[in-house]
Amino acid sequence: MCGNVFSDPVDLLSDLVRCGEWLLKGRIFPGKVLLTRRSDPLDISGMHGSPTGPGRSFSENDLGSNEQEDDYFEEEFQGTKSTSSNANVDKSKSWVSSMGNISIEPQKTIPTARATDSARVTKFKKELSSPTVILEKLRELAWSGVPPYMRPDIWRLLLGYAPPNSDRREAVLRRKRLEYVDSVAQFYDIPYTERSDDEINMLRQIAVDCPRTVPDVSFFQQPAVQKSLERILYTWAIRHPASGYVQGINDLVTPFLVVFLSEYLEGSIENWSSLDLSEEKITNIEADCYWCLSKLLDGMQDHYTFAQPGIQRLVFKLKELVRRIDEPVSGHMEDQGLEFLQFAFRWFNCLLIREIPFQLVTRLWDTYLAEGDALPDFLVYICVSFLLTWSDELQKLDFQEMVMFLQHVPTHNWMDQELEMVLSRAYMWHTMFNSCPSHLAS
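Not measured: the values here are computed from a predicted model. (Residues numbered from 1 in each chain as written. Predicted model: local features only at pLDDT ≥ 70, side-chain atom pairs only at ≥ 80, totals over all residues. Heavy atoms only, no water.)

**Student:** I tried to follow the overall build of the chain on my own but got confused; where do I start?
**Tutor:** Per the secondary structure count, the chain includes 20 helices and two strands. Within the chain, buried positions represent 50% of all 442 residues. Of the contacts formed within the chain by residues at least 6 apart in sequence, a portion of 74% connects residues at least 24 apart. As presented, the chain carries roughly 21500 Å² of accessible surface, and 52% of it is formed by carbon and sulfur atoms. (Helix = DSSP H or I, 4+ residues; strand = E, 2+ residues; numbered from the N terminus. Buried < 20%, exposed > 50% of the residue type's maximum accessible area, 1.4 Å probe, protein only. Contact = heavy atoms within 4.5 Å. Areas by Shrake-Rupley, 256 points an atom, 1.4 Å probe, with all protein chains shown as cover.)

**Student:** Help me understand the state of the cysteines, please; the structure alone is not making it clear to me.
**Tutor:** In protein chemistry, a disulfide is the covalent bond that joins the sulfur atoms of two cysteines. Here the structure, examined in full by the defined rule, presents zero disulfides. Free of any disulfide, Cys289 has its nearest cysteine sulfur in Cys292, 7.3 Å distant. On the basis of relative accessible area, Cys289 is assigned to the buried category, the value being 0%. (Disulfide = S-S within 2.5 Å.)

**Student:** Even after reading the chapter, I still don't get unusual backbone geometry, so can you show me in this structure?
**Tutor:** Phi is mostly negative for residues that are not glycine, and the peptide bonds are mostly trans. Of note, Val214 is a non-glycine position whose phi angle comes to about 45°, a positive value. Mapped onto the elements of the fold, Val214 is located in the loop between helix H9 (197-209) and helix H10 (223-239). Residue classification places Val214 among the buried positions, given a relative accessible area of 10%. Here Gln308, not a glycine, exhibits a phi torsion of approximately 50°, which is positive. Tracing the chain through its elements places Gln308 in the loop between helix H12 (279-298) and helix H13 (309-325).

**Student:** I would appreciate a short explanation of the pattern of salt bridges in the present structure.
**Tutor:** Pairs can form between side chains of opposite charge whenever their charged atoms are close. Applying the stated rule across the entire model yields 16 salt bridges. Arg174 serves as the salt-bridge partner of Glu170, at 3.7 Å between the closest nitrogen and oxygen. Here Glu170 and its partner Arg174 are both found in helix H8 (residues 166-188), four residues apart, which amounts to about one turn of the helix. Judged by its relative accessible area of 60%, Glu170 is exposed. Through salt bridges with shared partners, a single ionic network connects Asp153, Arg156, Arg177, Glu263 and Asp288. (Salt bridge = Lys/Arg side-chain N within 4 Å of Asp/Glu carboxyl O.)

**Student:** Quick question: what am I supposed to make of the packing of aromatic side chains here?
**Tutor:** Aromatic rings considered in pairs are described by the distance between their centres and by the relative angle of their planes. Inspection of the entire model under this criterion finds 20 aromatic pairs. Ring plane angle 75° and centroid distance 5.8 Å describe the contact between Phe219 and Phe220, whose orientation is recorded as edge-to-face. Residue classification places Phe219 among the buried residues on the basis of a relative accessible area of 1%. Measuring from ring centre to ring centre gives 5.1 Å for Phe386 and Trp390, while their planes differ by 90°; the resulting arrangement is edge-to-face. Trp390 sits in the buried class, given a relative accessible area of 6%. Among the aromatic residues, those joined into a ring-pair cluster are Phe340, Phe343, Trp347, Phe386, Trp390, Phe405 and Trp414. Here Lys176 stacks its cationic end above the ring of Trp291, 4.1 Å away from the centre of that ring. Seen from the ring of Tyr192, Arg195 lies directly overhead, with NZ or CZ sitting 5.4 Å from the centre. (Phe/Tyr/Trp six-rings, centres within 6.5 Å; stacked < 30°, edge-to-face > 60°. Lys NZ or Arg CZ within 6 Å of the ring centre and 35° of its normal.)

**Student:** Help me out: how do you make sense of the side chain of Thr367 in this one?
**Tutor:** Inspection of the secondary structure puts Thr367 in helix H16 (residues 361-371). Here Thr367 is in contact with Ala142, Trp143, Phe378 and Leu423, once residues within four sequence places are set aside.

**Student:** Just to check I follow, could you spell out helix H14 (residues 327-335) for this structure?
**Tutor:** Of all the residues in H14, the buried ones are Val329, Ser330, Gly331, His332 and Met333. Lining the buried residues of H14 we find H13, helix H15 (341-349), helix H18 (391-394) and helix H19 (399-407). Following H14 by one or two positions, Gly337 adopts a phi angle in the positive range, close to 80°.

**Student:** Could you clarify how one ought to interpret the environment of Val322 in this entry?
**Tutor:** Secondary-structure assignment places Val322 in helix H13. The class of Val322 is buried, set by a relative accessible area of 0%. A sequence separation of 61 residues divides Val322 from Cys383, and the C-alpha atoms of the two residues are 9.7 Å apart. Apart from the residues within four sequence positions on either side, Val322 is in contact with Glu327, Val329, Ser330, Phe340, Val384, Leu387 and Leu388.

**Student:** Whenever I open this one, the side chain of Asn349 confuses me. Can you help?
**Tutor:** For Asn349, the position within the fold is in helix H15. Looking at Asn349, the relative accessible area reads 7%, which means it is buried. Asn349 has contacts with Gln247, Gly248, Leu252, Tyr304, Gln308 and Ile311, leaving out every residue within four places of it along the chain.

**Student:** Please clarify how the packing of helix H7 (residues 151-158) against helix H11 (residues 249-261) should be interpreted in this entry.
**Tutor:** The axes of two packed helices give the description: the angle between them and the distance between them. Where H7 contacts H11, the two axes come as close as 8 Å, and the packing angle between them is 135°. Accordingly, the angle class assigned to the pair H7 and H11 is oblique. Judged by residue contacts, Arg151, Pro152, Trp155 and Arg156 of H7 engage Pro255, Phe256, Val259 and Phe260 from H11. Here the contact of H7 with H11 is composed, by residue class, of six nonpolar, no polar and two charged. (Axes fitted to C-alpha atoms, helices over the stretch in contact; angles between N-to-C directions. Parallel < 35°, antiparallel > 145°, perpendicular 65-115°, else oblique. Nonpolar A, V, L, I, M, F, W, Y, C, P; charged D, E, K, R; others polar.)

**Student:** I tried to follow H10 on my own but got confused; where do I start?
**Tutor:** For the α-helix, the turn length of 3.6 residues means that residues three or four positions removed from each other point alike. Given a rise of 1.5 Å per residue, 17 residues ought to cover 24 Å, and the 24 Å separating the end C-alpha atoms of H10 matches this to within 8%. For H10, the buried fraction is high: 13 of the 17 residues fall into the buried class. (Expected span 1.5 Å × (residues − 1).)

**Student:** Even after reading the chapter, I still don't get the environment of Val258, so can you show me in this structure?
**Tutor:** Looking at the element boundaries, Val258 is found in helix H11. Not counting the four nearest positions on each side in its chain, Val258 is found in contact with Phe220, Ile269, Trp272 and Phe358.

**Student:** I keep staring at the packing of H13 against H14 and nothing clicks. Help me out?
**Tutor:** Where H13 contacts H14, the two axes come as close as 5 Å, and the packing angle between them is 125°. With respect to H14, the axis of H13 lies oblique. Facing H13, whose interface residues are Val322, Arg323 and Ile325, H14 presents Glu327, Val329 and Ser330. Among the residues forming the contact of H13 with H14, the class breakdown is three nonpolar, one polar and two charged.

Take it as geometry only, folks, not as evidence of what the structure does.
The structure is reproduced here in C-alpha cells:
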C-alpha cells in the first residue's frame, strides 16, 4: 500500500522526518513544549489552543513572540511543501491523512498563555481535592510538569508514599515518619563499636560523598543539610542490604530534599538556611525523602546491585536505539572506538542529574515520576534524545574530544525549552519504537 503512495523510499523517509519535526515545532511555546499523552487522535487544528505547562506566566511580549514563532513554523512547513512537485504534495497529503486521521486546518484563536496556565492548575486542584485521587489522571497531568507549590503533595502520591484516599493520608504519613525516626535511632544513632566493619566503611563513604553532592549549590554544603543527607542514605542502605550504598544514590536524594524543603522555605534555594527549620520539620523532610527514595528505587533495584546489571541493560538498549535512529552518529562513535559505557553509565546511574542545570532537575523528575514503573524503559529514550541533541557536533569530534564532550555536555545555559524538546523527542521515539522491537533488529 505504501508503494502506491510513494514511488521512492527516500521520499517516505524525508516526509516522515519533516512532518515529525513540524509536529514538534508547532507545539512549542517559549519555555514549554506541549507534546503530551493523548488517547484520542491528534488534531493539529486545535493544537495552538493546548495549555502550556504550569510554572511560567507569560507577558504580552512573550505571547507576541510565540505567535511569530508559530507563523514561522507554519511558513517553513508550507514553503517546504511548495518546493515539491504537485504529485509529491498529493502524496504527502495522502500520507498525512493516513496518520490517525490527522487534519490540517486554519489555526484557531490562541487563548492567552496565562489563561491556559490557570486552566491547567485548575485541573490539578480538581484531582487533588477529590476524596480519592485517580492516579492515572494525575500522571497524565504531571507528565508535562507540576506547579512548584503542588510538587510535594503530587510527588508523594505518584510514588505511592501517600495513599490516594484523602481520609487515610495524614495518618499514613504520620505513621511512616515515626517509622523513619525509629529506624534512625536503631541504625544510625549508635556508637561505632556496635557497627560491623562493612557498616563503618559504608558510613565513611557516605560521609565522603555528601560534600560532593551538587557542589554548585551552596545550600547543600550547609553542615545540617549534609548531616540530613547522611542519615537518609545510611538508613536506606542498612535497610536495603541487597544493594547497600552505591555512589550516585546520593544524587537521587537531592530532588526530594529540594521539593520537600520548599514546603517550609520560601524564595530561591540560594537563600535558604537550615537554621530556619525546627527539628520536627527536619525530621519530617528526612522521612519523606527516605520513603520517596525507597519507592523510586524499588522499581530499579538491579541498577544498584552487584555489577549493576540493570544499568548495563539500559546502556545496551541506548546503543541499539542510537544505531536505529541516527546511524551516522552511531557509525562515527563506533569508528572512533567510543563505548557507550564510557559516558552513559553515569547518565543512568544518576538519572541525568549531573548533566543538566540543577534548577531543571525537578521539572525532569515530574516526568520521571509520572512514568511510574515504566521509568527505566522511558529513561533510555530520554538519554537517546539527550545524546542526539548534539548529533552534528559529535560527528566532527575524535575519540578523545567526544569523551571530554560527553562527560561535560554544554547544558549550563539550558532553560525549560531545551529540556522540554528533549522530552518531546523522547516521547515521539518511544511511541515509534517501544511497541515495535522488530524495528530495532539489524
